[in-house]
Each structure stands twice: as structure tokens, then as C-alpha cells.
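Residues per chain are reported as follows:
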Amino acid sequence: MEHLSDVILHSHSILALFDRDRFQFEYFDRSVIAVSSDVDLSTEEGQTLFILMVYGLRRLSPEDLGLRNVVQLDAWNLCTESASNHAVENGSRDWRRLFYDRQMKIDNETYTLKEIVFREPGLIGRSTCVVGSIRSSDEKRFVIKISCPTATRVPETKLIQRARNYAEADQKHAWVLNHLPNMIASKDVTIDEKSVQGRMRDFLNTAEYADGKKYCYEDRCLRICVSEELVPITSLTSQRKIAQVFLDILQTHKWLYDVPKILHRDLSTSNIMFRVDEAGNVYGVPNDLDLASLVSDLESESGSTSLLTGTPPFMALDLQKPHQFTVRHLYRHDLESLFYVLLMLVCRHDIVHRDKYHQELRENPPFEEWFDGRQSWAELHRTKGRLYWNRRDFIKSCIAPGFNEFEEWVISLWKVLARGFSKRREAEMWEPQAEDFTMDERLYPALKAGHLKESVMEPQLTVDNETLGKEVSYWTFFPAHDPTQWVLAGNSMP
């Protein structure tokens, strides 16, 4: 799989797996893995087949072998170039310099790639990779995001432009322009119908499982987006400015949901960013809307991108319940993610002074088990769920000294979510008693005896799932004290 994460950005790979006198050909892309029957090299038939298959591969063009002409380099001399262009640490290549000094051309502009800023564990393309870059025409710095979403997913650039159109159309929404990402350019590379990947897709879409069910190949495109370089929240050392950024994110996130009808769906510490204007004002920016969706599309989404949306440590509990991965993503789920972002920041980081003030990850930080990628979804759900078992004192003890002013806000958000989950749990466990019925009293014994199978008159204790009984909402997430003391002039939402 690492082959798909190399600098060439392969669309697919074709490899051979050998085990003594047997081998299999393997094809894999970011949607499927196909394995041939094993071939016995000890037989004349197997040897002939092997020679024919190698000869067939030799006739394929670089594009058919999966080499995408996106990053400008001589693919055949990659091995000799790697030694000089990639730093070596502990005997292995430094992944941060994977694209270093390569060039990429988008919309008639050439960008020189620099170090990788952020890379999720997983395949480059399917997992997001963010690379620093310099535009050749003016030497300005930008970031380039490389991903491989489903071809049907609305591009991040279109969602941001939709939001900007709403903000520019009405002066009362103009404030939000300071809090939206600036997208410079984008490029989609789709599957060529005549390529090996295109033919494989067509073949698989006509294939059937043993039980007769059809296989559905999930089309993906290589998506490259160029945007301004923002600053991560972990760069701030002022508690007031950090709180400002969180309130900006809360307000902007609500505006996106209410006005252009966009739900972010992937709030985490890596995409809570900010920009600074010439006057030194800080503006929080919810970055990385590549997993965002139009609210109207949430109920009709299909494919793997509608499942498990988000970064695991920051995902809402409902979205991680075992066997319930198709739960509709709600606005309150993003609020819950924002709480986890704040909790992880103030508990796992600290503001320290060494020559100057800066943020750093604490030694042996709490909640380390939340980031253990070996846990199953069920285990992570149980681990995170224990946070609401009367753990207020534990949370207080975890908050770093450098974030002491956040204690009241963090505990108030924990209470909001704990009360909401408690209300829903009580509703699920509630059993009606005789005094809860408004029906004729003579019917109640018959109902208890099982003579009435169902009764429309049976009372129900329900909790509004959208807000967990009105506990989890935009307004309940503001600090308990007057939020205006945090909001800088011109930043507050009307």
C-alpha cells in the first residue's frame, strides 16, 4: 500500500507476491484490492504464464502502470533523485521531505513543493496530505492539500465559494469573511475510461459475489487544492486569544450551518486555525472542509465517506457506536467534537516559558488511550464514554497550569453533554407506571396482563435527539460568564 503514497501519486499499483515456487499478481487502488489465483512456477504452464504476464506488463505505458503526471519529475530516475532530495533519519527517508523541491502546475501557476505540514496515517490521497509550497510567480507561500475523495463528493472549493457568496451578498454577513479559508486554485484528476483503472472499474461493476449480489466500485478522484497558509491554534500562547479563536470557530460554524447550510463534520485540533490581520487581530478559521456536506445532502449520502466521518479522538460518541455507523451527522455532533478539541488542547498541551512562551505537548499527557490507533471503534466508544461517569474532578486535575482560566468553561461544557446523555439514557430505560396513563383506569390491568398487544395511548418519554433534550446547543456552548469579554471588536456575530 505504501506504493500509493510515494511522490509519484500513483492512481493504482500492479505488483507480484512470491512465496517460494508460487506467485500471485495483485492490483490495488484506493477503492479495491484484486488478487489473481496463485500460479505454480514449478510447472511448464505456470512458467509460460509468468513470462506472458511480465511481457504484458512491460508493454504498459507509465500511465497504465499508475504513474500520474501531476508532480513534475522523471519517474524512472526517482531512485537516484531520492538519495539527494530526501533527508535520511535512522536509516529511513524523512517523510516530511517526500515532495521537497518537486514542482506542481495548477491553473497556469507553478508551485514548488516544500515540507509536508500534515499527514494523516494512511494512504496519501485517501488520507489527507498537506504540503507547504511557494508560488513561482510571486514567491508567496501557500499550502497544497492532496486527497482522494469519492468523485461524487462536493469539492471543498465549491462549498467555500458558496459560503463566500452568501457573505458577500448581504452586509450583515460580511463579518464572516474574516473567518473563511481563502482557496486559490484546485484541480481534479479523474479516472480515464480507457486506462487500466477504468477498465478494472468497468469489469468489477459487472462482477457478482457468490451469493449473486453486485459489486459496487466507488469512484475516487485525485483532488489537489491550493489555499492560503493559516496558523494552527497550537501556536498561540495567550489564553485570551485561544479563547477568542474558539468563540470565532463556534460562531462561524453556526453561521455556516444556518446560512449557506453547510456542516463541517471534521472538527479537530489540526483544522482549528487562525489568521492575523495587519492590526494584529486574531481571527479563528475552521479549516479543511473537504469532509463537509450540505445539510440537505446528509440524509441521502451513500458510500464509505458517509460513515465514520471525522478524526477518531474528536468524533461524537453517537458516530462511534458499534453497528450504528449510519447515524445521521447532526449539528450537535460537531459541538461535541469542538468540546473534545478544547479538552485535548487544555489537558494535553501547556503554555511554558523557555527563552519565550510557547505551547508544547505535555510529557505523559492524559487521554493518551484516545489516540491509540489499535483500538476498535467499540473500544474507543467505551473509552470516551467513561468521561461522563462523574469525572468532573478528574477533568479538573488534567487541565494544564498554563490553561487554568479555561477550567470553568471546560467543566460547563462537560456538564452540558453529561446532562444531555443522562436525559437520553433515562428516556431509553423509562418504563411507564400506572399513574403515567391517561386512558381509562380499567384498561391498565389488561395492558399489564398482555391482553392488549399495543396501545396508541401508552405514554412515551422522549428526548429531542437534535439537542439531547435542549441541553446541547449553540447557546449552551458559550462560556458561563459574559462571552463579550473574550470577543475582540468587529469579531462578534450580530
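Numbering of residues starts from 1 in each chain and follows the order in which that chain's sequence is written. Since the coordinates come from a predicted model, pLDDT governs what is reported: local features require at least 70, and pairs of side-chain atoms require 80 or more to be given and counted, while whole-chain, interface and lining totals use all residues. Side-chain descriptors were evaluated using all non-hydrogen atoms of the structure, hydrogens and water having been removed beforehand.

**Topic: the packing of helix α5 (residues 239-258) against helix α6 (residues 331-348)**
Using the following cut-off: Between N-to-C directions, angles span 0 to 180 degrees; the directions come from axes that are lines fitted to C-alpha atoms, helices contributing only their stretch in contact. Every helix listed is a DSSP run of H or I at least four residues long, and every strand listed is a run of E at least two residues long, numbered separately from the N terminus. Roughly parallel refers to an angle under 35 degrees, roughly antiparallel to one over 145, roughly perpendicular to one between 65 and 115, and oblique to any angle outside these ranges. Whether two residues are in contact is decided by their heavy atoms: any pair within 4.5 Å suffices. Charged means Asp, Glu, Lys or Arg here, nonpolar means Ala, Val, Leu, Ile, Met, Phe, Trp, Tyr, Cys or Pro, and polar covers whatever is left, Gly included.
Two elements in contact, α5 and α6, have axes separated by 12 Å at closest approach and are oriented at 170 degrees. Overall, the two elements α5 and α6 adopt an arrangement that is roughly antiparallel. From α5, Ile242, Phe246, Ile249, Leu250, His253, Lys254 and Tyr257 reach across to α6, where they touch Tyr331, Asp334, Leu335, Leu338, Val341, Leu342 and Leu345. Classifying every residue of the contact of α5 with α6 gives eleven nonpolar, one polar and two charged.

**Looking at α6**
Given 3.6 residues per helical turn, the α-helix brings residues three or four places apart onto the same face. Counted only if it meets this: For a helix, the expected span equals 1.5 Å multiplied by the residue count minus one. Remark: exposure states derive from per-residue accessible area (1.4 Å probe, protein chains only) relative to the maximum for the residue type, with buried under 20%, exposed over 50%, and partly exposed in between.
Compared with an ideal rise of 1.5 Å per residue, which puts 18 residues at 26 Å, α6 spans 26 Å between its outermost C-alpha atoms and is within 8% of the ideal. In terms of burial, α6 is a largely internal element, 18 of the 18 residues being buried.

**Regarding the packing of aromatic side chains**
Rules: Within 6.5 Å between ring centres, the rings of Phe, Tyr and Trp (the latter by its six-membered ring) count as paired, and their orientation is classed by plane angle as stacked under 30 degrees, edge-to-face over 60, tilted in between.
Scanning the entire structure with this criterion turns up 17 aromatic pairs. Each ring, one from Phe18 and one from Phe50, has its centre 5.9 Å from the other, and the planes form 75 degrees; the classification is edge-to-face. Placement of the pair is Phe18 in strand β1 (residues 12-19) and Phe50 in helix α1 (residues 44-58), with a sequence separation of 32 residues. Judged by its relative accessible area of 45%, Phe18 falls in the partly exposed class.

**A look at the packing of α6 against helix α9 (residues 407-429)**
The condition is simple: Helix crossings fall into two classes, left-handed where the near helix is turned counterclockwise from the far one by less than a right angle and right-handed where it is turned clockwise.
Where α6 contacts α9, the axes come no closer than 10 Å and their chain directions differ by 140 degrees. The angle between α6 and α9 places the two elements in the oblique class. For the pair α6 and α9, the sense of crossing is left-handed. Where α6 abuts α9, its residues Arg332, Glu336, Phe339, Leu342, Leu343 and Val346 lie against Trp409, Val410, Leu413, Trp414, Leu417, Phe421 and Arg424. Across the contact of α6 with α9, the residue classes tally to ten nonpolar, no polar and three charged.

**Remarks on the nonpolar core**
Note the cut-off: Take the buried Ala, Val, Leu, Ile, Met, Phe, Trp, Tyr and Cys residues and link them wherever side-chain atoms come within 4.5 Å; each set so joined is a nonpolar core.
In this structure, Phe339, Leu343, Leu387 and Tyr388 are the most contacted members of the largest nonpolar core, which totals 54 residues. Where this core is concerned, the elements lending two or more residues are α5, β16 (272-276), α6, α8 (392-398) and α9. Not counting residues within four places of it along the chain, the set of residues in contact with Leu387 comprises Phe339, Tyr340, Leu343, Phe367, Trp370, Ile395 and Trp414. Core analysis: the second largest hydrophobic core is formed by 20 residues, Phe99, Leu113, Ile146 and Val226 among them.

**Digging into the pattern of salt bridges**
Basically, it comes down to this: Definition used for salt bridges: Asp or Glu carboxyl oxygen within 4 Å of a side-chain nitrogen of Lys or Arg.
Enumeration according to the criterion identifies 24 salt bridges in this entry. Note that Asp40 is salt-bridged to Arg22, the shortest N-O span being 3.7 Å. Of the two residues, Asp40 is situated in strand β4 (residues 39-40) and Arg22 in strand β2 (residues 22-29); the sequence distance between them amounts to 18 residues. Where Glu368 meets Arg348, a salt bridge forms, and the shortest distance between an N and an O atom there is 2.9 Å. Residue Glu368 is found in the loop between β20 (356-361) and α7 (377-385), and its partner Arg348 is found in helix α6; the two are separated by 20 residues along the sequence. A relative accessible area of 43% means that Glu368 is categorised as partly exposed. Judged by relative accessible area, which is 7%, Arg348 ranks as buried. What emerges from the salt-bridge pattern is a single network uniting Lys145, Glu156, Asp288 and Asp290.

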